[in-house]
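# Close look at the chain arrangement
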Amino acid sequence: MNPEAHWHALDQDLADYLALKGLKPSCQAGCSACCFGWVSLSRLEGEALLPHLSPLQQARLLEEGPRRLALLREGKDDPHFPSRFFRSRTPCPLLEGGLCGVYPHRPLACRGLLTAKDPALCDPEAQTPKDHFLAVPWRMAHRRMEALWEEERRRYGFLVLGELVSLLYLLLMGFPQTREEAEERLKGLGVLGGRWGYQLV
Ligand code: SF4
């Protein structure tokens, strides 16, 4: 299955699960705290999203991508890096007026993060309880990510896992085709490995 098929299938699975459990997510249009987080992305999902970006969205990625790579270079070994980034309140550059500007094409990680609790607790400064986000929808999204990772390995011979904005930026700039070239590029940027850095698998 390609990324688009997984996106649609996950939406359907989530709708079925929520109906079965009688759960109503409190996530609504205009509620965007999770778009301030450090979101992971695989190359295959990035490549599926890329053709849907407007010139303005591309321009914003070209501006924000290098900044995120620099942050990652500095912070990829810091255990608190994602929470520090979240509290810096830096929105995803695809967030437009509080709405996802690529909503039909957003990655699995964005689709699977749901809560049925008080959305105020999603705020970067909130003391978010451990069980705030729905566990099953996240697991459903993660299983589809794993299937896509396998597909990416089959297609390219290796898997690239990184951060949403910086990976889209690297794809826009032209990502290396071979694993050796990819390793050299990511090492040169100082973002390969560590606790939060890019992974080549
Ligand atoms: S892609 Fe869309 S849903 Fe995902 S973080 Fe960016 S704005 Fe939010």
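Shown above is the structure to which this text applies.
Throughout, a residue's number is its position along its own chain's written sequence, starting from 1. Per-residue local features are limited, in this predicted model, to residues with pLDDT of at least 70; the limit for side-chain atom pairs, both in listing and counting, is 80 or more; totals at the level of whole chains, interfaces and linings are taken over all residues. To obtain the side-chain values, all non-hydrogen atoms of the structure were used and water was disregarded.

## Describing the packing of helix H1 (residues 3-21) against helix H6 (residues 135-156)
For any two helices packed against each other, the geometry comes down to the angle between their axes and how far apart the axes lie. In contact at an axis separation of 10 Å, H1 and H6 are set at 160° when each is read in the N-to-C sense. In this view, H1 runs roughly antiparallel relative to H6, as classed from their interaxial angle. In this structure, H1 crosses over H6, and the sense of that crossing is right-handed. On H6, the residues touching Pro 3, His 6, Ala 9, Leu 10, Asp 13, Leu 14 and Tyr 17 of H1 are Val 136, Pro 137, Met 140, Ala 141, Arg 144, Ala 147 and Leu 148. Per-class residue counts for the contact of H1 with H6 are 11 nonpolar, 1 polar and 2 charged. Lines fitted to the C-alpha atoms define the axes, with helices restricted to the stretch that makes contact. Angles between their N-to-C directions range from 0 to 180 degrees. Strands are runs of DSSP state E lasting at least 2 residues, helices are runs of H or I lasting at least 4, and numbering of each runs from the N terminus. To sort the angles, those under 35 degrees are grouped as roughly parallel, those over 145 as roughly antiparallel, those from 65 to 115 as roughly perpendicular, and the leftovers as oblique. In this scheme, a crossing is called left-handed if the near helix is turned counterclockwise away from the far one by less than a right angle; it is called right-handed if the turn is clockwise. Residue contacts follow a heavy-atom distance rule, with two residues in contact if any of their heavy atoms lie within 4.5 Å. Gly is placed with the polar residues, together with every amino acid not listed as nonpolar (Ala, Val, Leu, Ile, Met, Phe, Trp, Tyr, Cys and Pro) or charged (Asp, Glu, Lys and Arg).

## Points about the pattern of salt bridges
Take a side-chain nitrogen of Lys or Arg and a carboxyl oxygen of Asp or Glu: if they are within 4 Å of each other, that pair is a salt bridge. Applying the stated criterion to the full structure yields 15 salt bridges. Here Asp 13 makes a salt bridge to Arg 144, at a shortest N to O gap of 2.8 Å. Note that Asp 13 is positioned in helix H1 and Arg 144 in helix H6, a separation of 131 residues in sequence. Arg 144 sits in the buried class, given a relative accessible area of 16%. Residue Arg 43 is joined to Glu 47 by a salt bridge in which the shortest nitrogen-to-oxygen separation is 3.1 Å. Of the two residues, Arg 43 and Glu 47 are both situated in helix H2 (residues 43-49); the distance of 4 residues between them amounts to about one turn of the helix. Exposure categories follow from relative accessible area, calculated using a 1.4 Å probe and restricted to protein chains: below 20% of the type maximum is buried, above 50% is exposed, and the middle band is partly exposed. Exposure remark for Arg 43: the relative accessible area of 0% places this residue in the buried category. Assessed through its relative accessible area of 26%, Glu 47 is described here as partly exposed.

## Some words on H6
Every α-helical turn comprises 3.6 residues, leaving residues that sit three or four positions apart pointing alike. Expected span of a helix, by definition, is 1.5 Å for each gap between consecutive residues, and there is one gap fewer than residues. End to end, H6 covers 31 Å across 22 residues, agreeing with the expected 32 Å (1.5 Å per residue, within 8%). For H6, the complete set of buried residues consists of Pro 137, Met 140, Ala 141, Arg 144, Met 145, Leu 148, Trp 149, Glu 151 and Glu 152. In the stretch just after H6, Gly 157 is the one whose phi turns positive, near 90°.

## Observations concerning the site of the ligand
What surrounds the ligand is the set Cys 35, Cys 92, Leu 94, Leu 95, Cys 100, Cys 110 and Leu 164. Its residues assigned to classes, the shell around the ligand shows 7 nonpolar, no polar and no charged. Near residues are defined by distance, with any heavy atom within 4 Å of the molecule or strand qualifying the residue.

## Considerations on the packing of helix H3 (residues 55-75) against helix H7 (residues 164-173)
Where H3 contacts H7, the axes come no closer than 8 Å and their chain directions differ by 115°. For H3 against H7, the interelement crossing comes out left-handed. Contacts between H3 and H7 involve Gln 58, Leu 61, Leu 62, Glu 64, Gly 65, Pro 66, Arg 68 and Leu 69 from the first element and Val 165, Ser 166, Leu 168, Tyr 169, Leu 170, Leu 172 and Met 173 from the second. Its residues assigned to classes, the contact of H3 with H7 shows 10 nonpolar, 3 polar and 2 charged.

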